[in-house]
Amino acid sequence: MKQQKRLTRTEYSAGGIVFRRGLQGKEIAFLLDPFRKWTFAKGHIERDESVVRAAVREVKEELGLRQVRVVAPLGRIDWWFIERRGTAHSPRGARVHKFAYYFLMEVPPYTKLWAQKSELIRAVRWVPMIRALQVSAYQDVKPVLKRAIALLHRMQ
């Protein structure tokens, strides 16, 4: 039997760890993804779009935000997975090496979040900074979150 070669793709995403200043201190925005895990807004970088512009666009769309200020880059993470469903970006069964660039972003105090249901985001919420590492579900994102928290501790 002839062995079928598996397609390998590389994908690039950008997103942000968004915070606001509240009466109880700094809070970080989380979204509940389609896999029922709490994480951060991110999405594909469009053709001819800069990484920063893609990050801001995705954060605004997925969290329902209007005003976002990029504070600092937080770095890049990468991981491998097999595409289960098939998307416009990769066919079902493809091996995907995904790179995601993250930025620390600030929104005005009292900003409300709105889940982008069309992207299967189940819920959104603000979490006190001191609880963010406990809420974050993906291990590969935690180093980026730790960098964000370190920066937030140094900020007034």
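Let me begin by describing the structure that accompanies this report.

Rules of the game
- Residues numbered from 1 in each chain as written.
- Predicted model: local features only at pLDDT ≥ 70, side-chain atom pairs only at ≥ 80, totals over all residues.
- Heavy atoms only, no water.
- Helix = DSSP H or I, 4+ residues; strand = E, 2+ residues; numbered from the N terminus.
- Rg over C-alpha atoms; globule rule 2.2 N^0.38 Å.
- Buried < 20%, exposed > 50% of the residue type's maximum accessible area, 1.4 Å probe, protein only.
- Contact = heavy atoms within 4.5 Å.
- Phe/Tyr/Trp six-rings, centres within 6.5 Å; stacked < 30°, edge-to-face > 60°.
- Lys NZ or Arg CZ within 6 Å of the ring centre and 35° of its normal.
- Core = buried A, V, L, I, M, F, W, Y, C linked by side-chain atoms within 4.5 Å.
- Polar contact = N/O pair within 3.5 Å; in protein donor to acceptor, adjacent residues only side chain to side chain.
- Expected span 1.5 Å × (residues − 1).

**Considering the overall build of the protein**
Next, step 1: Regarding its fold elements, the protein presents three helices and seven strands.
Next, step 2: Counted from the first residue to the last, the protein has its helices and strands arranged as β-β-β-β-α-β-β-β-α-α.
Next, step 3: Its C-alpha radius of gyration of 16 Å places the protein within 12% of the 15 Å reference for a compact globule of 156 residues.
Next, step 4: Each of the three principal axes of the protein carries a C-alpha extent, and together these read 65 × 30 × 30 Å.
Next, step 5: Expressed as a percentage of the 156 residues in the protein, the buried residues total 44%.

**Quick look at the environment of L74**
Next, step 1: Of note, L74 is situated in strand β5 (residues 69–82).
Next, step 2: What makes L74 buried here is its relative accessible area of 3%.
Next, step 3: Look past the residues within four positions of L74 in its chain and what remains in contact with it is I17, Y102, F103, L104, V144, R147, A148 and L151.

**Here's the deal with the packing of aromatic side chains**
Next, step 1: For the structure shown, the criterion picks out two aromatic pairs.
Next, step 2: The interplanar angle of 15° and the centroid separation of 5.5 Å between the aromatic rings of Y12 and F99 together place this pair among those described as stacked. Highlighted residues: Y12 in strand β1 (residues 8–22) and F99 in strand β6 (residues 95–106), separated in sequence by 87 residues.
Next, step 3: Positioned above the aromatic ring of W80, the side-chain terminus of R95 is 4.3 Å from the ring centre.
Next, step 4: Taking NZ or CZ as reference, R125 lies 4.4 Å from the ring centre of W38, over its face.

**Here we look at the nonpolar core**
Next, step 1: Judged by nonpolar contacts, the single largest core of 22 residues is most densely connected at I17, I28, F30, F40 and Y102.
Next, step 2: Going through the elements one at a time, β1, β2 (25–32), β5, β6, α2 (132–135) and α3 (142–154) are the ones with two or more residues in this core.
Next, step 3: Per-element tally for this core: the top contributor is α3, with five residues.
Next, step 4: Other than its neighbours up to four places away in sequence, Y102 contacts G15, G16, F40, A41, K42, P73, L74, G75, I77, V141 and V144.
Next, step 5: Residues A14, V18, L63 and I121 belong to the second largest nonpolar core, which totals 19 residues.

**Let's talk about the environment of R85**
Next, step 1: Inspection of the secondary structure puts R85 in the loop between β5 and β6.
Next, step 2: Not counting chain neighbours up to four residues away, the residues in contact with R85 comprise R92 and L120.

**Points about the side chain of E11**
Next, step 1: Relative to the assigned elements, E11 resides in strand β1.
Next, step 2: A polar side-chain atom of E11 sits 3.0 Å from a polar atom in the side chain of H44.

**Here we look at unusual backbone geometry**
Next, step 1: Even without a glycine there, the phi angle at Y110 is positive, about 70°.
Next, step 2: Positive phi values are uncommon outside glycine, yet L120 reaches one of about 65°.

**Describing helix α1 (residues 51–63)**
Next, step 1: When the terminal C-alpha atoms of α1 are compared, their 18 Å separation across 13 residues agrees well with the 18 Å that a helix rising 1.5 Å per residue should span.
Next, step 2: Taken together, the buried positions of α1 are A54, A55, V56, R57, E58, V59, E62 and L63.
Next, step 3: The secondary structure elements touched by the buried residues of α1 are β1, β2, β4 (41–44), β5, β6 and β7 (123–128).
Next, step 4: Following α1 by one or two positions, G64 adopts a phi angle in the positive range, close to 65°.

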